[in-house]
Every structure is written in structure tokens, then in C-alpha cells.
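Structural overview for review
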Amino acid sequence: MTSKSAASPSSASPSGVLPPMDRAGRLDRARRAFDEHGVDAALITTPVNVRWLTGFTGSNGRLLIDADGAVLYTDGRYTEQSASELAAGGVDGLVTVHDAAPDGQRHMAERVGNATVGFEAGNVSVADHGQLTESLEDATLEPLGPVIAELRQIKDVGERARLERAAAIADTALASRLEALVPGVTERAFQLDLDRAMLDLGADALSFETIVASGPNSALPHARPSNRPFEDGDLVVIDFGAGVDGYGSDMTRTFCIGEPSERQLDLYDAVHQAQAAGKSAVRDGVDERSIHETCAGVLDERGYGDAFIHGTGHGIGLEIHEQPILSPRSVGILRAGLIVTVEPGAYLTGFGGVRVEDSVVVTASGCEPITHAPKGLVPAGV
Ligand code: ZN
Ligand code: ZN
């Protein structure tokens, strides 16, 4: 596969107004899902899910959703913040705010009465569950699986635009730092400059701690940047992303400092081919597991099967690792509207490693990448 240069559709340009979030639509989808699970109401306690549904970003927020509306329980520290974030989130009027203390539990108990109330079993501690059982004594509590995380898999227009914006910032930031891929520059210095470039271009955060792994460190998939200077002949794995309005992009490129050796070229080509094959296999309706099997198959054929030591990809969004996870254990089906990474790698201890990662939108007939930085062991245009 040949590399593509940065495309710049309007939503992906590093400036301009982003489309609004459809949070009313999300609340409706959540209600329908709770209905299917046989509960009258649900208490959402996972912060990222509260944010997705309301726009509220505070650390103390519990969201009760029922047929009549929704109530966000928070505390006095967040009175102003919750009002402004709910207004900005487009749910002002759809979600009311109630103080969590001192009478929040009583308010909730009166509101739910003897209804069946779902709770996020993966996020409620045994102690919290005991307290909930006590305070909602007339209600029936029903454990729910990751209902909201499943809804969050399909990205709406506003979410896709934010991820495209973040990915475009990362593309541009990397292009601006390629000349620093020379002997003597440390992993740490490269990382700090790349991070700074993303923030200067309008990122409001980093997706995660940027990985810059050179030489033997490149054989460690999640190496942290060190003070090791790049040396001639190093492979350098750079895995990074920008954050826009809570949404984080994710991309990996691998380069060589100076002229690559035959062995490095072969390793890179094998991973690149595996990644291209994995992307070609992405389409609405296919098994998630098959994407991993496609990549693993190519690396196997090329003699690097044992060097591929992680899953092939994951969803991205408000969290850097969201459902679905594309691995040998995946059991789901890819659906249009998902945004997932395809990131096979091969790691040879003592020699170095290669990973190539794009984030792509799943469509009915294939996929559309949102990461566009050129690929190749030798940085293009430097
Ligand atoms: Zn990554
Ligand atoms: Zn990733």
C-alpha cells in the first residue's frame, strides 16, 4: 500500500467550528437499551459514560435516567460547572441537577419508588452497592453489563468530527518534527517537541503518554521515552495522539535513523503488509476476530508470527481503549460507524520492533482512515 498525504476535509482541518454533539439522541438510545434490559430506570456512575450522555466532566456525578427525564447528582464544587457543561452539552432542560448531599439519596429514592433500577455492575463497589440497596429500599436493583460502553462504540457525527480533528493535528505535528529524527536527539526530547507541536496546533490534551522507543527499546510495545539518544541505524516507534474535546486520536509510525538494513526493511515490509491486509479486511458485518487473524496470517507467512505479541486494534473515543477490542478472543461483529485502530507489530528482542497503526472508520464497503501521515521507514520529504 502506498502512503497517502494528509487530506483536509473541513471537519478534519485543525481549526473551524465543530458540529454539536447529539446528546439528546444518546439519552434516547440509552432509554431504549434500558427498556430492552427490562429496567424502568438506570443509575450511571462511570464518569466517562456520564460525560458521554451529558457533557459533565466533574469527578462526582451520578446520572439517574428514567422515563420522565434524567437527574445529575453532584456536589457543591460543581454547581457552576455542571450548569455550564449541561448547557454547552445541549441537555439543559433534559437533565436537571440535584445536590448529592445531604438529601440526594432521599431525592433519588423518592423519584424511583419501587421501580426496577439498573446499575453499572462493572463500576459499583460492594460498599456502594450496599449503600444503594439501603437508600433505595423500595426499588429492585438490577446489575447491568457495559450497556453504555456498547452504545458508545458507534460514533455520531460530532464524535467523528472531533476524532478527525485530533488525528489531523497529530498528522501535522508529526510532519513538523520529522527533521528531528537524527542521531543525538533523545527519545524524551523528541516526545516533548511532538507533544508541544500537538498542543500548539490546537489539541487541548494528549490522548495518552506519547511513546517514542528507539533502537532496542523499539522491541518493547509500550516503552516510555527515555534519555537515550537516537543512533544511526535505530528503528524508532512513535505512537501518539492528540485530544480534542475529550476525544483522543491514535496513530503509530516507525522510522529508521539513517539507512535501513535489509533485515529492518524486511521486518518493516512484513508489518506494513500485515497492516494493509488488516485494513482491507475491515468492513461492516465481518468478525472482529478476523481482522486480527488477517494480520497475524501475513506475519506468520513472513516468519514473524511469534514476534506479534499483542492484539490488532481497539475502538477509540472518549477513552483511548474502547470496545471493540480486535484480538484472537474477540467475538463481536464490526459495524459501520465504529472507529477502530489497526496496529499490528513485530518485536525482536535486542534488535528492535516495528508497529504501524491507523485509525479507521468502518463503512458498509470497507473503511476510511482518519490518520493520514505518510508511511515508510525513511521519513518522506526530509
Ligand atoms: Zn497507538
Ligand atoms: Zn492503539
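The numbering scheme is per chain: residues are counted from 1 as the chain's sequence reads. Ligands are numbered from 1 and chains lettered from A, in the order in which they are written. Confidence filtering applies because this is a predicted model: local features only for residues at pLDDT of at least 70, side-chain atom pairs given and counted only at 80 or more, and all residues used for totals across whole chains, interfaces and linings. Side-chain figures throughout are based on the complete set of non-hydrogen atoms in the structure, without hydrogens or water.

**Side note on the coordination of the zinc ion (ligand 1)**
The rule for donors is simple: an N, O or S atom within 2.8 Å of the metal counts, and for Na, K and Ca the reach is 3.2 Å. Water is not among the atoms, so a site may look short of donors. With distances of 2.0 to 2.7 Å, the protein atoms coordinating the zinc ion (ligand 1) are Asp239 (OD), Asp239 (OD), Asp250 (OD) and Glu357 (OE). Any site counts as irregular unless it has four donors with all angles between 85 and 135 degrees, making it tetrahedral, or four or six donors with opposite ones more than 155 degrees apart and the rest between 65 and 115, making it square planar or octahedral. Considering all 4 donor atoms around the zinc ion (ligand 1), the spread of angles at the metal, 54 to 150 degrees, places the coordination shape in the irregular class. In the primary structure, the donors to the zinc ion (ligand 1) are separated according to the pattern D-x10-D-x106-E. Metal-to-metal, the separation of the zinc ion (ligand 1) and the zinc ion (ligand 2) is 3.1 Å; Asp250 coordinates the two. One end of the pair, Asp239, is in strand β9 (residues 235–240); the other, Glu357, is in the loop between β17 (352–355) and β18 (358–362), and 118 residues separate them in sequence. Numbering of helices and strands starts at the N terminus; helices are DSSP runs of H or I of at least 4 residues and strands are runs of E of at least 2.

**Observations regarding the nonpolar core**
In summary, soluble globular proteins display a tendency toward joint burial of nonpolar side chains. With 35 residues, the main nonpolar core has Phe34, Ile44, Leu53, Leu63, Ile65, Val95 and Ile148 as its most contacted residues. Among the elements of the structure, α1 (23–36), β1 (41–44), α2 (47–54), β2 (62–66), β3 (69–74), α6 (147–153) and α7 (157–177) are those that each provide at least two residues to this core. Once residues lying within four places of it in the same chain are set aside, the contact partners of Ile148 are Ala30, Phe34, Ile44, Asn49, Trp52, Leu53 and Glu120. In this text, buried Ala, Val, Leu, Ile, Met, Phe, Trp, Tyr and Cys residues form a nonpolar core when linked through side-chain atoms within 4.5 Å. For each residue, the accessible area found with a 1.4 Å probe, counting protein chains only, is set against the maximum for its type, and the residue is called buried under 20%, exposed over 50%, and partly exposed in between. Core analysis: the second largest hydrophobic core is formed by 29 residues, Leu235, Cys256, Val282 and Leu334 among them. The contact rule is simple, with two residues in contact once any of their heavy atoms fall within 4.5 Å.

**Re the coordination of the zinc ion (ligand 2)**
Ideal geometry at a metal centre gives angles of 109.5 degrees when four donors are arranged tetrahedrally and 90 or 180 degrees when six donors are arranged octahedrally. Distances from the zinc ion (ligand 2) to its protein donors, Asp250 (OD), His314 (NE2), Glu343 (OE) and Glu357 (OE), fall at 2.0 to 2.2 Å. Because the angles between the 4 donor atoms bound to the zinc ion (ligand 2) fall within 78 to 151 degrees, the donor set is best described as irregular. When the donor residues of the zinc ion (ligand 2) are listed from N- to C-terminus, their spacing reads D-x63-H-x28-E-x13-E.

**A word on α2**
Of all 8 residues in α2, 6 are buried, a share of seventy percent or more. Residues of α2 that are buried include every one of Val48, Asn49, Val50, Trp52, Leu53 and Thr54, and no others. Following α2 by one or two positions, Gly55 adopts a phi angle in the positive range, close to 95 degrees.

**Some remarks on the domain arrangement of the protein chain**
Note that the domain bounds were set by an automatic or database domain assignment. Under the domain assignment used here, the protein chain contains domain 1 (22–151) and domain 2 (157–369). With centres defined by C-alpha atoms, the gap from domain 1 to domain 2 works out at 35 Å. Domain 1 puts 7 residues into the contact, and the matching count from domain 2 is 8 residues. Accessible area that two parts lose when put together, with a 1.4 Å probe and added across both, is what the buried area reports. Here domain 1 and domain 2 share an interface that buries about 580 Å² over both sides, 50% of which is from carbon and sulfur atoms. Think of a salt bridge as a Lys or Arg side-chain nitrogen and an Asp or Glu carboxyl oxygen that are within 4 Å of each other. Counting every contact that joins domain 1 to domain 2 gives 0 salt bridges. As used in this structure description, the phrase polar contact means that two N or O atoms lie within 3.5 Å; if the pair is within protein, one of them must be able to donate a hydrogen and the other to accept it, and residues adjacent in sequence are counted only when both atoms belong to side chains. Joining domain 1 to domain 2, the criterion identifies 2 residue pairs in polar contact (both at pLDDT 80 or more). If you tally residues by element for the side of domain 1 that touches domain 2, the top one is α2, at 3 residues. Looking at side-chain class alone, the side of domain 1 that touches domain 2 contains 4 nonpolar, no polar and 3 charged residues. Residues were grouped as follows: Ala, Val, Leu, Ile, Met, Phe, Trp, Tyr, Cys and Pro as nonpolar; Asp, Glu, Lys and Arg as charged; and all remaining residues, including Gly, as polar.

**Details of the sheet that holds β2**
Sheet strands pair via backbone hydrogen bonds, and the direction of the pair is either parallel or antiparallel. The rule for pairing is simple: two strands pair if DSSP sees at least two bridges between them. Spatially, the 6 strands line up as an open sheet ordered β4-β3-β2-β1-β5-β6, and their pairing is mixed. Edge strands, defined here as strands with exactly one partner in the open sheet, are β4 (95–99) and β6 (140–144). This sheet shows a mean twist of 25 degrees between the axes of neighbouring strands, independent of strand direction. By the bridge criterion, 3 bridges tie β1 to β2 in an arrangement that is antiparallel. In the strand pairing of β2, Ile44 is matched with Leu63. Axis definition: a line fitted to C-alpha atoms, over the contacting stretch in the case of helices. Angles run 0 to 180 degrees between N-to-C directions. Against the sheet, α1 touches β1, β2, β3, β4 and β6, its axis set at about 70 degrees to β2. Together, β1, β2, β3, β4 and β5 (116–120) form the strand contacts of α2, whose direction differs from that of β2 by roughly 55 degrees.

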